[in-house]
Every structure is written in structure tokens, then in C-alpha cells.
Amino acid sequence: MNPDSDDYRLFVAIFVERKTYLNMKYIKYLTLTLIFILNLSSCKSKDVDYLEKDVILGNITRVADYELNHPSTHDQDLDYDYKNGWIPATFYVSLVPLYEATSDSKYLEAVKAWGAKTEWDLAPRFRHADDIVCGQVYLDFYRHEREPVYINKLKIRMDSLIATKVPGREDWSWCDALFMAPPVYMMAGNILNEEKYTKYADEMYWDVYDFLFDQEESLFYRDERFFTQKSPNGSKLFWGRGNGWVLGGLARMIPYIKDETMKERYVSLFKKMSEKIITLQQEDNMWRSNLLDADHWAQKESSGSAFYVYALTWGINNGILESDKYGPIVEKSWKALSECINQETGMIGWVQPIGASPGDTKATTTFSYGAGAYVLAGVEMLTYIKNK
């Protein structure tokens, strides 16, 4: 019985109302019984095996269902709350993988319904990387239903951007963009067998790398504002979720790169970042929003952590990262992430709100991208435990 539940409050109210009519012996009996029930409930929650298949399936479907039923909005500026914008899209990117892992067609149907709502179109800002991330969802769905309507508008946008190309550091000038845009082009190059998309993404990506990647720390600055900023402890300032976007984006796009020489460069970057990221995990097996200064914002942060678990587990599953070294890390992190879920609702909390730098969060804060990252991580965990 949950002490915060309505049933518990009703029990206490009845108990208090009637206690004057009960003898002290019976009161003592009821009190001990209640304590036993609460302790039993607490023990059961602590004994959950978060690495058991049915538990993983239960958690990722509950988190997905919560977000489907309570969709996030761009609450910082409703003018940018596009129906096909990055807020919903960074959740929907997880649903085709979830369908493929569970064979539950409701998740594929949810994508189809969302695509119909957006008319399979892109968000309105032509050059903005955030406004093309929905293309990942469309291409994933297109793999299952090969209807041109699902990708026609995406192709028009991509072709127009290629025709008016500017350097990567101009169009993708913040590290989040490396999750939003490059996987779309790499997926399109492979699925549509159009090399021009792969070539464009590759040229753009490495220009951003030259601009934002810090060779000394093996991390990406969020954008050029942070080149000279320092954390309170004097270290360089690197955003947790920002680097989660990058590492998650690599896991999303590497499988679609056909050219082995090209792929190896991305794999090398993935390994280098992964090696750094695991050194920044905190004692509670989560990461913080300021990677090099955990005390700056001391709260655990679930969206960046979920992207790391997703990417690292994907790396293990695909033979890129050593299971003996990284396996214990992702197992502990997955358990810690799963404990961020509200067991009554299925909402994943401790998600840092929309932002562009390290910041605060709490247990009751959730957003679509946190749910999407958790579901992607869970899908990879299913493969991980199967191979273990």
C-alpha cells in the first residue's frame, strides 16, 4: 500500500474515526499489520530485477504509453510547439524500434497516426536541424510500408538543403543538431539508396566536429558560447544531455553507413567519447547535467543518462565496445534509470527541461526526449540480456 495513495489515506481516516471504539489491543494489531504491509511493499520494490526481460518490457511500454497519453509540449515557447517538431519527434523515434522489439502493432500504428497528423511533412524552419528530425521517424516507418507519400516531402527538404549547402558549423552549429539531422541523411542514403544524402551528411558532420569537439576532453561543446566558459569548479563546461544527443546520434546513424572506411571514422569517435563518458558516471550510476562539475547541479539527470545507456548498450550489442568493461556500467545505469519511473503512472522523471546548458531537474519533471531515450535504451537492453 502506497502511503501517498488515496486508499491509504482512506484507511487512515477510517482508522482515526473509529479508534475510540476499539480497544488498545486491537489498535496495536492493526498498526503492526499496516507496518508489515508497508514494509512488504517496500521490499518488493527493492527486489525488482530490472534486467529481467518481462520487467524491461513492462517498463519501456509503460513509459511509452504514458508519453503517448500525455504528450509533451514545447512549454518554453508555444510558437515553436510544432506538431512535427523536435519535441514529439524525439519520442516517436523510439516507437518503430519498440514495435520491432515487441511486435506490438499499436506502436507502429501510433507512428502512422502521427504521420497522418503531420501530413508526413517537416517542421517549418527550413535550415533548422531540429525541424528535420521527424524524418528519422518517417524513414523508419517507410522501411515497413514502402509508400512514397511517407518520404516525398522529406526528400524535397533534403534536396533543397543540399542545393543550398552551407558549412556544417553554420547549419548545425550546436551539438544537439548531431542527433537531429545527420541520422536522417545517413538513413536516407541507405534506405533510399541515394549516395548524395550520405555524402552531404558526412561533409557537414566533420565540419561541426572540427568546430565543437574538444580534443583534450573528448567531448562536444554545446555551441561556441561555451568555448571560454568555466564551471564553478574551474573546469570546462560540457552539457550532459548535449553530449548524450551526440553519442545517441552516432548509435542511430552508424548502422546505415555502407562505406566501411567512412563508418570507421564514426566508430572511432564513438569509442573515444564512450571511453570518456564512463569516467563521468556518478556514485548513483547516473550522470549530471554538467559533466565535469557534478556539484554544479547535483541532481541526477535522466535524459542524458538514458542516451548514454542507449548508446553504450548499442555499442556492446554491435561488438564496438567490450562487454566485460562496459556491461557492468550499463547494467547499473539501467537499474538507476528504471528507478526514475513513477510506478503508479509510468512517467519517467528527473528529465532536465528544455534548455541549452546544464540545469536543474526533479523527480516530477518529464519530457518526450527523456521517454524516447529510455525506450531506445530499453530496446537495446533486451538485446543485451539475450546475448549475455
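Position labels on residues start from 1 in each chain and follow its written sequence. Note on the predicted model: pLDDT of at least 70 is required for a residue's local features to be given, and 80 or more for side-chain atom pairs to be given and counted; whole-chain, interface and lining totals, by contrast, use all residues. The side-chain figures draw on all heavy atoms in the structure; neither hydrogens nor water molecules are used.

Caption draft 1: Up close: helix 15 (residues 302-317). Between its first and last C-alpha atoms helix 15 spans 22 Å; for 16 residues at 1.5 Å apiece the expected length is 22 Å, and the two agree. Burial analysis of helix 15 places 16 of its 16 residues in the buried class, which makes it a mostly covered element. Note on helix 15: the residue one or two positions beyond its end, Gly319, has a positive phi of about 70°. Numbering goes from the N terminus for both helices and strands, where a helix is a DSSP run of H or I of at least four residues and a strand is a run of E of at least two. The span expected for a helix works out to 1.5 Å for each residue beyond the first. A 1.4 Å probe rolled over the protein chains alone gives each residue an accessible area, and that area as a share of the maximum for its type sets the label: buried under 20%, exposed over 50%, partly exposed in between.

Caption draft 2: Focus on the pattern of salt bridges. Any carboxyl oxygen of Asp or Glu that lies within 4 Å of a side-chain nitrogen of Lys or Arg is treated as forming a salt bridge with it. Scanning the entire structure with this criterion turns up 21 salt bridges. Here Arg127 ties to Asp171 by a salt bridge, and the two come within 2.9 Å at their closest N and O atoms. Taken together, the positions of Arg127 in the loop between helix 6 (105-118) and helix 7 (134-142) and Asp171 in helix 9 (residues 168-171) put the pair 44 residues apart, joining distant regions of the chain. Among the residues examined, Arg127 registers a relative accessible area of 27% and is labelled partly exposed. On the basis of relative accessible area, Asp171 is assigned to the buried category, the value being 8%. A salt bridge links Asp176 to Arg222; the nearest nitrogen and oxygen atoms lie 3.2 Å apart. Highlighted residues: Asp176 in the loop between helix 9 and helix 10 (177-180) and Arg222 in the loop between strand 2 (219-220) and helix 13 (240-253), separated in sequence by 46 residues. With respect to burial, Asp176 and Arg222 carry one shared label: buried. Here the residues in one salt-bridge network are Glu100, Asp140, Arg143 and Arg252, joined through shared partners.

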